[in-house]
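Results of the structural survey
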Amino acid sequence: MFDYKAVLFDLDGTLVDSMGIWKDIDVEYLGRFHIPMPDGLQEAIEGISMYETATYFKNHFHIKDSHEKMIADWNDMAYRKYTQVPAKNGILRFLEYLEKKQIPCGLATSNSRTLTQVTLDSHRMSRFFKVVITGDEVIKGKPEPDVYLTAARRLQVPPEKCLVFEDLIAGIMAGKRAGMYVCAVEDDYSAKDREAKIRMADMYIKDYEDEVLYD
């Protein structure tokens, strides 16, 4: 299991149970413009960066606000929610285990720097991550591999020596396209995709208490 020289994590649905937050935010945000929430919106924007999401909203809903204002509004709406999201079961134990084994960890998320940092601080996880790459820093979000390749480069670890933990199909695709070994994590939000996740990933866990993760 641990021939790997670095471990990379997604944030939403992988470190914390936060995926459901965004549907509520999208409903509320679109409501400001008297636009009903369309079917399939969450699937259409899964994994992509906030900037790409703003572009999607502008193209599909004809919102006139700038990308920067839209992202700032979403961050404001989500900030309090992210101080309260629960951590995934067993994640702190696993991070402590990796720390003891001196395996560096990175975080590679499509979320913003603001929300990523408040989440890590709320759960006292910041110290475990040598690098944190957010959607603010890459042009192409998942399923493109950019965010994972950037994390590996900053850790100075070859992609093939990186183990990735992901909860969404777009994220699994990003890790595989980066040439990394990918472990899919169970999450209620993506329960409908469970079989596809098992098929696409190299391994699958229910949570971080799974003994396959430990020597």
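As annotated in an unreviewed UniProt entry, the protein carries the name HAD family phosphatase and is attributed to Candidatus Onthocola gallistercoris.

A short note on the nonpolar core
Formed by 49 residues in total, the largest nonpolar core has its most connected members in Phe9, Leu15, Phe57, Trp74, Phe129 and Phe165. The leading source of residues in this core is helix H4 (residues 67-82), at six residues. Grouped together as the second largest cluster of nonpolar side chains are 22 residues, Ile133, Val164, Ala174 and Val182 included.

Regarding the sheet that holds strand E1 (residues 6-9)
Pairing in this open sheet of six strands is parallel, and the strands run E3-E2-E1-E4-E5-E6 from one edge to the other. Only two strands of the sheet have a single neighbouring strand rather than two, namely strand E3 (129-133) and strand E6 (203-205). Each adjacent strand pair in this sheet contributes to an overall mean axis angle of 25 degrees, direction not counted. In this sheet, strand E4 (residues 162-166) lies alongside E1 in parallel orientation, the contact comprising four bridges. Across the sheet, residue alanine 6 finds its bridge partner in E4, namely cysteine 162. Those strands touched by helix H7 (residues 146-155) are E1, strand E2 (105-108), E3 and E4, and its axis lies near 145 degrees from that of E3.

Brief notes about the packing of H4 against helix H6 (residues 113-122)
Remark: H4 packs on H6, axes separated minimally by 9 Å, with the N-to-C direction vectors making an angle of 10 degrees. The pairing of H4 with H6 is recorded here as roughly parallel in orientation. Counting all contacts with H4, which are made through Asn75, Ala78, Tyr79 and Tyr82, the residues of H6 involved are Thr114, Leu115, Val118, Thr119 and Ser122. The class makeup of the residues in the contact of H4 with H6 is five nonpolar, four polar and no charged.

Things to note about the pairing of E1
Here E1 shows two buried faces, one formed by Ala6 and Leu8 and the other by Val7 and Phe9. As paired strands, E1 and E2 are joined by three bridges and run parallel to one another. The residue of E2 that forms the bridge with leucine 8 is glycine 106.

Here's the deal with unusual backbone geometry
Leave glycine aside and you will find that most residues have negative phi; peptide bonds, for their part, are mostly trans. With an omega of 20 degrees, the peptide bond between lysine 142 and proline 143 qualifies as cis. On the secondary structure map, proline 143 appears in the loop between E3 and H7. Here the phi dihedral of glutamine 156 falls at roughly 60 degrees; this positive angle occurs in a residue that is not glycine. On the basis of relative accessible area, glutamine 156 is assigned to the exposed category, the value being 72%.

A word on the side chain of aspartate 26
Summarising the element assignment, aspartate 26 is placed in helix H1 (residues 19-32). Despite being buried, aspartate 26 has no salt bridge partner; lysine 23 is the closest side chain of opposite charge, sitting 9.4 Å away. Contacts of aspartate 26, omitting those with residues within four sequence positions, involve Met37, Leu41, Gln42, Ile45 and Phe57.

Looking at the packing of aromatic side chains
The final tally for this structure, using the stated rule, is 17 aromatic pairs. Centroid distance tryptophan 22 to tyrosine 82: 6.2 Å. Interplanar angle 55 degrees. Geometry classified as tilted. Residue tryptophan 22 is located in helix H1, and its partner tyrosine 82 is located in helix H4; the two are separated by 60 residues in the primary sequence. Here the basic side chain of arginine 93 rests over the ring of tyrosine 214, its NZ or CZ set 3.9 Å away from the ring centre.

Some thoughts on the pattern of salt bridges
Summed over all chains, the structure comprises 18 salt bridges. Where lysine 192 meets glutamate 43, a salt bridge forms, and the shortest distance between an N and an O atom there is 4.0 Å. Separated by 149 residues along the polypeptide, lysine 192 in the loop between strand E5 (181-185) and helix H9 (194-200) and glutamate 43 in helix H2 (residues 41-45) bring together distant segments of the chain. Note on lysine 192: relative accessible area 53%, which makes it exposed. Between aspartate 73 and lysine 69 there is a salt bridge whose closest N-O contact spans 2.9 Å. Note that aspartate 73 and lysine 69 are positioned in helix H4 at a spacing of four residues, about one turn of the helix. Since its relative accessible area comes to 14%, aspartate 73 is described here as buried. The class for lysine 69 is partly exposed, based on a relative accessible area of 39%. Shared partners join several salt bridges into a network, and the residues in it are Asp10, Lys142 and Glu166.

What counts, and at which threshold
- Residues numbered from 1 in each chain as written.
- Predicted model: local features only at pLDDT ≥ 70, side-chain atom pairs only at ≥ 80, totals over all residues.
- Heavy atoms only, no water.
- Core = buried A, V, L, I, M, F, W, Y, C linked by side-chain atoms within 4.5 Å.
- Buried < 20%, exposed > 50% of the residue type's maximum accessible area, 1.4 Å probe, protein only.
- Helix = DSSP H or I, 4+ residues; strand = E, 2+ residues; numbered from the N terminus.
- Pairing = 2+ DSSP bridges.
- Axes fitted to C-alpha atoms, helices over the stretch in contact; angles between N-to-C directions.
- Contact = heavy atoms within 4.5 Å.
- Parallel < 35°, antiparallel > 145°, perpendicular 65-115°, else oblique.
- Nonpolar A, V, L, I, M, F, W, Y, C, P; charged D, E, K, R; others polar.
- Lys, Arg positive; Asp, Glu negative; His and termini not counted.
- Salt bridge = Lys/Arg side-chain N within 4 Å of Asp/Glu carboxyl O.
- Phe/Tyr/Trp six-rings, centres within 6.5 Å; stacked < 30°, edge-to-face > 60°.
- Lys NZ or Arg CZ within 6 Å of the ring centre and 35° of its normal.

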